[in-house]
Amino acid sequence: MNSFLIHVDTQTANKINGNPFNCTYVLSKKHRNLVEVSLKNLQMPVGFYNVRSPYNTITINGTNYTITPGNYSDATFVSVLNSTVTPAIGVFSINPTTGRFQFVSASGSATITVPSGTATNVPSLTNLLGFTNGQVGTSIIATYSYILNFDTYVNVYIRNLSVSSSETQLVTFKVPVNAASGQILHWNENSQDYQCVPVVYTVETIDRFIIQVYDRFGNPMDNNGIDWSFSLQIKSDT
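Residue numbers here run from 1 along each chain, matching the order of that chain's written sequence. For this predicted model, a pLDDT threshold of at least 70 governs which residues receive local features, and a threshold of 80 or more governs which side-chain atom pairs are given and counted, while totals over whole chains, interfaces and linings are taken from all residues. Hydrogens and waters are ignored; side-chain quantities use all the structure's heavy atoms.

1. Re the overall build of the protein
Under the DSSP-based scheme used, a helix requires at least four consecutive residues in state H or I and a strand at least two consecutive residues in state E, with every element numbered from the N terminus. Looking only at helices and strands, the protein has two helices and 17 strands in total. With respect to the principal axes defined by its C-alpha atoms, the protein has extents near 70 × 35 × 30 Å. When checking whether two residues touch, look at their non-hydrogen atoms; a contact exists if any pair is within 4.5 Å. Long-range contacts, defined as pairs at least 24 residues apart, comprise 66% of the intrachain contacts of the protein with a sequence gap of at least 6. Positive and negative side-chain charges in the protein, numbering 12 and 13 respectively, have mean positions lying 2 Å apart. By the counting rule applied here, Lys and Arg register as positive and Asp and Glu as negative, while His and the ends of each chain are not counted. Taken as the charge centre is NZ of Lys, CZ of Arg, CG of Asp or CD of Glu, depending on the residue.

The structure is reproduced here in structure tokens:
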């Protein structure tokens with residue numbers, strides 16, 4: 001059994017719709033009987049949005065309001081949210097003391113709900129702003145504090161290798177998000193946790209890595225065309 005270090009840069013990968021979070025990296029050498037893979041280091045520019053589908057829609061009085069995907073600060077988000085909902089419907093604000101959103105209706109009692117069809121295990125913008133489904137009133141204060149930057153980690157999934165456990169999540173390696181938008185997320189095994197998984201392969205020889213990145217809720221992500229890289233150590237016969 002031999003050990004090999006493989007450096008992957010998505011700049012040279014085959015991307016689906018230009019998305020480096022959904023790509024195939026062809027190896028220069030075929031590996032036979034791959035039995036183990038470990039993540040050595042990773043460099044990921046944070047190009048994905050903090051407000052994006054399917055977490056960008058809130059429902060007021062049965063009408064859906066969808067925020068344009070993008071990277072927002074608290075102030076710019078409140079501005080865009082109010083211009084989307086419009087003052088004719090009501091106005092959102094953030095209480096600086098409690099850190100909670102408040103919605104003041106422009107015309108009588110209003111009801112804030114989770115958009116229909118939202119999966120029970122996936123938050124909507126309603127939830128991320130701290131509101132609970134079905135809150136009613138002329139002035140509605142969110143039940144909980146809000147969070148716009150909810151990506152505490154991303155899941156790197158190499159589809160033709162293995163998942164990291166017997167659970168159902170599509171994840172080979174879990175990478176904490178320790179950088180803001182426009183910065184570079186750095187991970188390495190010496191300063192963080194050691195991640196090594198056995199390979200459950202369906203073919204004897206592997207000549208490529210089929211790579212996808214998912215968020216913490218299991219939805220595929222898009223890095224908006226910005227490439228990233230990582231290094232793997234594998235054990236195989238050749």
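2. Focus on the pattern of salt bridges
Here, a salt bridge means any side-chain nitrogen of Lys or Arg that lies within 4 Å of a carboxyl oxygen of Asp or Glu. For the coordinates displayed, the defined rule picks out seven salt bridges. Close ionic contact of Glu 36 with Lys 235 constitutes a salt bridge, the shortest N to O distance being 3.6 Å. Of this pair, Glu 36 sits in strand E4 (residues 36-45) while Lys 235 sits in strand E17 (residues 229-236), placing them 199 residues apart in sequence. The class of Lys 235 is partly exposed, set by a relative accessible area of 35%. What emerges from the salt-bridge pattern is a single network uniting Arg 52, Asp 151 and Asp 215. Relative accessibility decides the category of a residue: with a 1.4 Å probe and only protein chains considered, values under 20% of the type maximum give buried, values over 50% give exposed, and everything between is partly exposed.

3. Comments concerning the side chain of His 31
Within the fold, His 31 resides in strand E3 (residues 19-32). A residue is classified by how much of its surface remains accessible, and His 31, at 5% relative accessible area, is buried. What qualifies as a polar contact is a pair of N or O atoms within 3.5 Å, subject to a donor-acceptor requirement within protein and to the restriction that residues adjacent in sequence count only when both atoms come from side chains. Polar contacts involving the side chain of His 31 include one to the side chain of Ser 236, which spans 3.3 Å. Setting aside anything within four residues of it in sequence, one finds His 31 in contact with Phe 4, Ile 6, Glu 204, Thr 205, Ile 206, Ile 234, Ser 236 and Thr 238.

4. As for the layout of surface pockets
As a volume, the largest pocket reaches approximately 220 Å³. Along the walls of the largest pocket sit 13 residues, with Asn 50, Asn 149, Ala 179, Ala 180 and Ser 181 positioned nearest its centre. Side-chain classes follow a simple rule in which Ala, Val, Leu, Ile, Met, Phe, Trp, Tyr, Cys and Pro form the nonpolar group, Asp, Glu, Lys and Arg form the charged group, and the remainder, Gly included, forms the polar group. Its residues assigned to classes, the lining of the largest pocket comprises eight nonpolar, four polar and one charged. Put plainly, a pocket is an open set of points on a 1 Å grid over the protein atoms alone with protein on both sides within 12 Å along at least five of seven lines, a cavity is a set where a 1.4 Å probe fits but cannot get out, and a lining residue has an atom within 4 Å of a point. Grid points are joined across faces, edges and corners, and a volume is the space filled by probe spheres set on the points.

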